[in-house]
Structures are given as C-alpha cells and as structure tokens.
Amino acid sequence: MSKPVIAIVGRPNVGKSTIFNRIVGERVAIVEDRPGVTRDRIYSHGEWLNREFNVIDTGGIEIGEEPLLVQMRAQAELAIKEADVIIFIVNGREGVTAADQEVAKLLFRSKKPVVLGVNKIDHPDMQEELYEFYSLGIGDPIPISGAHGLGLGDLLDACVEHFPEDEGDDYDEDTIRISLIGRPNVGKSSLVNAMLGEERVIVSNIPGTTRDAIDTPFSRDDQEYVLIDTAGMRKRGKVYESTEKYSVLRSLKAIERSDVVLVVLNGEEGIIEQDKKIAGYAHEAGRAIIIVVNKWDAVEKDDKTLHRFQQKIRDEFQFLDYAPVLFVSAKTKQRLQHVLPAVKKVSENHNLRVPTHVLNDLVMDAVAMNPTPTDHGKRLKINYVTQVAVGPPTFVFFVNDPELMHFSYARFLENRLRDTFEFEGTPIKIIARKKND
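In short, a report on the structure. (Residues numbered from 1 in each chain as written. Predicted model: local features only at pLDDT ≥ 70, side-chain atom pairs only at ≥ 80, totals over all residues. Heavy atoms only, no water.)

Scanning all chains against the criterion turns up 16 salt bridges. Taking the shortest distance from any N to any O, the salt bridge between Arg93 and Asp122 comes out at 2.9 Å. Residue Arg93 is located in the loop between strand 4 (85–91) and helix 3 (98–110), and its partner Asp122 is located in the loop between strand 5 (114–119) and strand 6 (142–143); the two are separated by 29 residues in the primary sequence. Salt-bridge contacts for Arg411 lead to Glu414; the nearest nitrogen and oxygen are separated by 3.5 Å. Placement of the pair is Arg411 and Glu414 together in helix 12 (residues 407–420), with a separation of three residues, close to one helical turn. For the residue pair Arg411 and Glu414, the accessibility class agrees, reading buried in each case. Where salt bridges share partners, they join Asp321, Arg411, Glu414 and Arg418 into one cluster. (Salt bridge = Lys/Arg side-chain N within 4 Å of Asp/Glu carboxyl O. Helix = DSSP H or I, 4+ residues; strand = E, 2+ residues; numbered from the N terminus. Buried < 20%, exposed > 50% of the residue type's maximum accessible area, 1.4 Å probe, protein only.)

Okay, here's the thing in structure tokens:
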C-alpha cells in the first residue's frame, strides 16, 4: 500500500529544508553505515497521528542557472505532479513577495490540497504578521518556526486531514508484485514486454514515453504475478530534463506496493550514482531485490567481461550484497527465462520464517564462535532472539543493553543467519531491545 506524499515548496531561504528535517526527524539520516548508500536526500518518511507518509524537499533539488521565478515554477510543478498534499512555506518576517505570489497562483490552479506555513514566527508578538498572507488565497496561514520546532503539529494536523483514504489493491495475498525501477532508458518497458511475450507497454528510445506506472497481472507456472512498470519515473517535460534527481520520485509508490523490486541497469552505459540512489530506496523500503543488467547483448565481451561487471556491481552496491545479479537482453530474450524463477525464489526468502528454537541455537553457536563485544568493561549479553516479522525477515534480539549492539556485531549476526538460511535477495532487519527484568 503506497503512503501519501507531502511536498514542501517555496522560494529559497524560507526554511524548507529545516522544516523537512523537523518533520522527518532522525529518519533523514542514513540508518546503515554501509559504503555505497547515498547520503544525498531530497525524500524521506514521516509519521503523524499514526499515519505514515513520504516527504519531498524541493529545496534539495537544484534545477540550474535559470532565473529565480522559473526555478520556483519548476519546483512547484514537480510538487504538484508528485504530491497528495503540498506544504507552501513563506517567510513571515519578509512578508508576501512576488515569488510567493507566483507559486501561490500555480498551486491554486493545481486543485491540490495546499497547507500554508508561515515560517520564522517564533514569538507570540509576531502573530499579526500572519494577516498579510491571507492575500495569497491559499487559506488560513499556520504560524510555525522551523528553527524552534513550533507549530509543526498544527501544520501536520492540517496535512493529515487532506490525506487520501487508505487504498489496497485487488490482488490475492499469494500474488507476487514486481516493480521495475531504474533511471530513464534502461529498458524497463522493453523488459515488461519481453517477459510477457507481447507488446503491452509502449516502447521508445525517447525517455518519457510512458506517462504513468502500469499494472499488468499475469500468471506463469501456477503462480500469479503483477508487473508494475515504473516508466512514470522518466522525465516529464522540461523540469525532468534539468536533473536526474527527479527520476527517483516516480518510483517510490511502486516500490511500496511491491514485494520484489527489479533494479534495472543499462549494460551499455554501466553504473552511475543515480542507479545507487534509486536502488537505495528499494533497500531502505525493505523489499526483496534482484539486480537486472539489461542490454547485455549490446556489450562487447571477452571471457572476463561478465566477471568484471559483477565485481563492479558488488563494489558500487555494497549495501545490496544480498541481491542476485542477472544479465539479460529484452531485445534478444537472452537469459530472460531466469527472471521469474529468481523472483519467486527471492519472494519466498523474503517471507521465510525461522523457528524460534533453531534461531536461538544458531545465535548461541555464533556467540561461542565470536564472543559479544564489550564497551567500557561492560559486555553485550544476548538473552533471547525471536523473529517478529517477514517481508523483510525481522529479528528482535533481547539484550542487557541495546547500546552495546555495535553495527559490526549486528552485521556478523546477519551473516551467520545468511550462511545458515536461504535469505538471498532479501534484506534482514536486526533490532536490539532491552530485556525487561
């Protein structure tokens, strides 16, 4: 089920990124200290009143050397396309500007719900500054202070009121939902067509051919699948031509709806930073992942080419060391017959449940082989382990002090789980929790 999307818009230096960081809290920081996980964030998650949502910070998007109003219009257009609710941030100390009025006109015409936040109102005596902003025609201005965290509850209350109702889908529980993600022109639509054996999705060499994500249900060998083609990630108009950062945004809802994500790379072009950014969102969402190198038929090869490319993937995607790699060609159908069996296998691994007694025996053996770490003379003690969820497999370690569970030791325990059980293709979550005395 996809989460609602909030976009934060406004002219420069009104505090958009500060508000973004306040809303998402610590989530904006990368939760895993693994090489290759990008630290550049314009998108993150938040939660308010038991509703989870995604947040886009348009302040983190550089559009180029165009004039200010053109940039503001481009960012607002992006927000309109991607968001369910828009937070429009203005500076309460500077009053209404021409740039504010331009963005307000665009937002008003969009018919999207807009919540107006007047930033830098950090003292009760400044309440009178609000009245001027009624002239924007957006609705009641909400006084906030990003620097001090004031008023954000009221701002989020207003956003939640505009969230769409939770919508599931009509597919059976056993249906495996597959999304194809990747930057423009890696061949996602061609892969969909080749896997289905028919021309179901428009294919063109021009990035941006497909306008929206497309669901295609089908069955193979008594297994039901749904292919979600995220061609909607491709650029849309001039704003998407300006920077490849935008290509991430269209994939997010599809990732959330998926069980298995195919991260599609272009074998001809190799790996760029954008590939890692896109893959990072699937990893952080906890989805099963397969790396699919497309257009392999067009690559000039010798007997070491495949090995070198595999090694390059492992070096660049160290946070996806669990993901299998397939080299295929949508054009020639080369190795395509391996894709769906791999999807089914990683989906099973994604939902694998380990019996509690087996799990605890494994951890006892692991600790005997590699004793738990100490810190300032205090040793980590693991009392009990249980699996609390699947999709991805999630394990809670009840310990004497969660602070003693260093990342490196959690990584060791994860590797022991992977060595013992079939977890290829799925991330694993390890949570340290204090044992109640």
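Buried residues dominate strand 7 (residues 176–181), accounting for six of its six residues. Covered by surrounding structure in strand 7 are Ile176, Ile178 and Leu180 together with Arg177, Ser179 and Ile181, the residues of both alternating faces. Note: strand 7 against strand 10 (residues 260–266), four bridges, orientation parallel. Bridge pairing links Ile181 to Val263 in strand 10. (Pairing = 2+ DSSP bridges.)

Quick look at unusual backbone geometry now. Here the amide bond leading from Gly391 into Pro392 is cis, since omega sits at 10°, within 30 degrees of zero. Mapping Pro392 onto the fold places it in the loop between strand 15 (382–389) and strand 16 (394–399). The backbone phi angle of Asn50 is positive, close to 65°, even though this residue is not glycine. Mapped onto the fold, Asn50 is located in the loop between strand 2 (43–48) and strand 3 (51–57). At Lys295, a position not held by glycine, the phi torsion is positive, near 65°. Inspection of the secondary structure assignment puts Lys295 in the loop between strand 11 (288–294) and helix 9 (305–316).

Looking now at the nonpolar core. Formed by 27 residues in total, the largest nonpolar core has its most connected members in Leu262, Ile290 and Val343. Looking at this core, the elements with two or more residues in it are strand 7, helix 5 (188–196), strand 9 (223–229), strand 10, strand 11 and helix 10 (339–350). If we ignore the near neighbours within four places in the chain, the residues touching Leu262 are Ile178, Ser179, Leu180, Ile181, Met195, Ile290, Val292, Val339 and Val343. Of all hydrophobic cores here, the second largest spans 26 residues; its members include Tyr43, Ala279, Val299 and Phe327. (Core = buried A, V, L, I, M, F, W, Y, C linked by side-chain atoms within 4.5 Å. Contact = heavy atoms within 4.5 Å.)

The subject of this paragraph is the sheet that holds strand 15. If you walk across this open sheet you meet the three strands as 15-16-17, and the pairing is mixed. Of all strands in the sheet, those with a lone pairing partner are strand 15 and strand 17 (429–434), marking the two edges. Put simply, the sheet's adjacent strands are angled 25° from each other on average, direction ignored. Sheet topology places strand 15 next to strand 16; six bridges connect them, and they run antiparallel. Note that in strand 16 the partner of Gln387 across the bridge is Phe395. The strands touched by helix 11 (residues 356–369) are strand 15 and strand 16; relative to strand 15, the strand with the most contacts, the crossing angle is about 135°. Along the sheet, helix 12 contacts strand 15, strand 16 and strand 17; its crossing angle with strand 17, the most-contacted strand, is approximately 125°. (Axes fitted to C-alpha atoms, helices over the stretch in contact; angles between N-to-C directions.)

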